[in-house]
Amino acid sequence: MSPRVVFPNKVLPYLLVAPQLAITLIFFYWPASQAVYQSTLREDPFGLNSKFVWFDNFKRVLSDPGYLNSLQVTAVFSVSTAFVSMAVALLLAVMADKVIKGRGLYRTLMIWPYAVAPAIAGMLWLFLFSPSIGSLAIGLRSLGIRWDPLLNGTDAMILVVSAAAWKQISYNFLFFVAGLQAIPKALIEAAAIDGARETKRFWTIIFPLLAPTTFFLLVVNTVYALFDTFGIIHAVTGGGPGRSTETLVYKVYSDGALNQLMGVSAAQSVILMVIVIALTAVQFRYVERKVHYG
Amino acid sequence: MATVDLKDVRKVYAGGVEAVKGVSIAIPDKALCVLVGPSGCGKSTLLRMIAGLETISSGEVSIDGKVVNTVGPTERDIAMVFQNYALYPHMKVYDNMAYGLRNRGTPKDEIDRRVRDTAKTLELAHLLDRRPRELSGGQRQRVAMGRAIVRNPKVFLFDEPLSNLDAKLRGQMRVEIKNLQRSLGVTSVYVTHDQLEAMTLADVLVVMNGGLVEQAGAPLDIYEKPASTFVASFIGAPPMNLIALAGNALPEGTKLVSPVPPSAATLGFRPEDVELADAAHDAADGMDLEAQVEAVEPVGAESFLYSATGGGRIVVRVPGRAIAQPGDRLRVLVPADKLHWFDQAGKRVG
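Residues numbered from 1 in each chain as written. Chains lettered and ligands numbered in written order. Predicted model: local features only at pLDDT ≥ 70, side-chain atom pairs only at ≥ 80, totals over all residues. Heavy atoms only, no water.

A. A look at the domain arrangement of chain B. Residues and elements named next belong to chain B. Taken domain by domain, chain B consists of domain 1 (4–229) and domain 2 (238–349). Look at where the C-alpha atoms of domain 1 and domain 2 centre, and you get two points 38 Å apart. With 8 residues of domain 1 at the contact, the number on the domain 2 side is 10 residues. Together, the buried faces of domain 1 and domain 2 total about 740 Å²; carbon and sulfur atoms form 51% of this surface. The three residues of domain 1 that bury the most area against domain 2 are Tyr223, Pro226 and Thr229, which together make up 66% of that side's buried surface. Linking domain 1 to domain 2 there are 0 salt bridges. If you look at where domain 1 meets domain 2, you find 5 residue pairs in polar contact (both at pLDDT 80 or more). The residue makeup of the side of domain 1 that touches domain 2, split by class, is 3 nonpolar, 2 polar and 3 charged. (Domains from an automatic or database assignment. Contact = heavy atoms within 4.5 Å. Buried area = accessible area lost by both parts, 1.4 Å probe. Salt bridge = Lys/Arg side-chain N within 4 Å of Asp/Glu carboxyl O. Polar contact = N/O pair within 3.5 Å; in protein donor to acceptor, adjacent residues only side chain to side chain. Nonpolar A, V, L, I, M, F, W, Y, C, P; charged D, E, K, R; others polar.)

Encoded structure:
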């Protein structure tokens, strides 16, 4: 337990937290409550009239097959993105831990993709894998693999997952490298003397001891995959082909901003909010219990 | 049940630093060999080379007659107790001890039997379900010992295993380690910087300095006949008194009845090898020294008199309560057979 700081002045502590509270209130609670309020309204397309309709918007959303499809797409997309980005980052971090010469340079290079904006990252991947002009797409075709993310939903999903995961690898890599460094070397040596070979050492010692890092990244990556990947999807597939890459966030945007169904869109964002809160709560409640903090 | 042989073992690190500069030691079966020396003398590096945790730059390390230079730590069949114990924090005590056996594919019921037997020997039976962070320092130390013992390896390696314990516990564990090692009869290499630990534990004592072996042998032989001024001042507490001879001249207030060996540059004597004489009494042989007491340290069973002489400060050990006070003048007699002589390079003469 860290010692409690006692302020002699009653007002000062509130003043100190006030800026943070103000930001949270203005940029989070206010828009969130606006969304909740709007989700109970039905507006005409020009925004001139609005009618209070209780939970009609939610009923509409939940009975829409497009919305259920979007839920499924989001689940596939988020789980794949989080898994791929974390697995690749962990692999690279373990490898980087063995690099002795040029370690700093290697790490610096690994961190660069994080500086690329999501939309730009999406465009990069879009060009690389564009069926007609993409250099990597041509490579795939010459290997005899049929590749067409513009027509094939699975290909499109692979493309957006790759782009989204690629961008997050750097971030995960940084944390995994730090996590690996925090594991005392003597433990690895003790395990080696105890007869555990490299793979065994990884799964029985290193991986369990990395659990706090992995857990943290799981939460961060889930939130990332749910929200921050809008730019990538918007730039690469626009939710298509059909609705095969239309995630919940993208659908909020297309229903609200493109189709001007403000009430429906607001209802969707409220549902999304509930999903994220529930997911994070579940992660903390159930996964964290299995995490060993050294 | 194995011998450990080191032949001209060297370690040069990537930066060019030579940590071990050619060490040869033969450790007989079932012996406890203690490597002792100041920090940076290469003792830990040497131990890690025996463990297989450091590569060997040149020379040969053999375990049980087989050269193991290229054998990894996994296959050497050794067990090591680390300074900070290196217990697996996410495993219970039971699993910490069972880990090595599981990795070697020991049957489950045998693992269970061996872990429980070892836990009983070390009085750990009630702690098997705890995690390392729920244990005290002494208990962690025992678990680390248990993890090493349970595997029944060819060789035990100890890397300053007691340095994180308080003095009382350290004394207790020292005796226990000695007994365990003797009853199990496993060849052991033990690294420490504590000369008391080294003296009390060792069958074979190896004093290291600057990457080289200064002296190796039975602890008491080394105590009685230190091969160099380094060993003389490292082994024994308080250390041997050393008085430099300027050329062949003796410092003021010092008389020698015995002849000085030709190449001697330093003479030494143990604090306990002295006789305090009154003015009338003369030395039959050996040395006769005038000293003035500067400080008195009573430790109970004996007292140490820190005294100034013409040749520098010396320590005199007297039994029981000190008879002298700071400021008193002493006449210190050292018999000839208790004098040690060292040459210019610090090597023993005669």
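B. Looking closely at the UniProt feature "transmembrane region" (unreviewed entry) in chain A. Residue and element names in this part refer to chain A. As annotated by UniProt and renumbered to match this structure, "transmembrane region" (unreviewed entry) occupies residues 12–32, 71–94, 115–138, 158–181, 202–227 and 261–282. Secondary structure content for residues 115–138 is 62% helix and 0% strand, while the C-alpha to C-alpha distance between its ends is 28 Å. Taken end to end, residues 158–181 has its terminal C-alpha atoms 32 Å apart, with 100% of it in helix and 0% in strand. (UniProt positions renumbered as here; feature names shortened; annotations may be inferred. Helix = DSSP H or I, 4+ residues; strand = E, 2+ residues; numbered from the N terminus.)

C. Quick look at the packing of helix H3 (residues 65–98) of chain A against helix H7 (residues 153–181) of chain A. Residues and elements named next belong to chain A. Where H3 meets H7, the closest approach of the two axes is 6 Å, and the angle between their N-to-C directions is 40°. Between H3 and H7, the angle falls in the class oblique. By crossing handedness, the relation of H3 to H7 is classed as right-handed. Of the residues belonging to the contact of H3 with H7, the class tally is 22 nonpolar, 6 polar and 1 charged. (Axes fitted to C-alpha atoms, helices over the stretch in contact; angles between N-to-C directions. Parallel < 35°, antiparallel > 145°, perpendicular 65-115°, else oblique. Left-handed = near helix turned anticlockwise from the far one by under 90°.)

D. Representation of the pairing of strand E6 (residues 78–81) of chain B. Residue and element names in this part refer to chain B. Of the two faces of E6, the one carrying Ile78 and Met80 and the one carrying Ala79 and Val81 are both buried. As judged from the 4 bridges shared by E6 and strand E7 (residues 155–159), these two strands associate in the parallel manner. The residue of E7 that forms the bridge with valine 81 is phenylalanine 158. (Buried < 20%, exposed > 50% of the residue type's maximum accessible area, 1.4 Å probe, protein only. Pairing = 2+ DSSP bridges.)

E. Focus on the interface of chain A and chain B. Facing the 19 residues of chain A at the interface are 24 residues of chain B. Interface area, chain A with chain B, both sides summed: about 1,800 Å², of which 58% is carbon and sulfur. Our enumeration of links across chain A and chain B arrives at 3 salt bridges. Here arginine 151 of chain B makes a salt bridge to aspartate 194 of chain A, at a shortest N to O gap of 3.0 Å. Here the side of chain A that touches chain B gets 7 residues from one element, more than from any other, and that element is helix H8 (residues 185–193) of chain A.

F. The UniProt feature "domain: ABC transporter" (unreviewed entry) in chain B, seen in detail. Using the residue numbers shown here, the UniProt feature "domain: ABC transporter" (unreviewed entry) corresponds to residues 4–235 of chain B. With 36% helix and 25% strand, residues 4–235 of chain B has its two end C-alpha atoms placed 24 Å apart.

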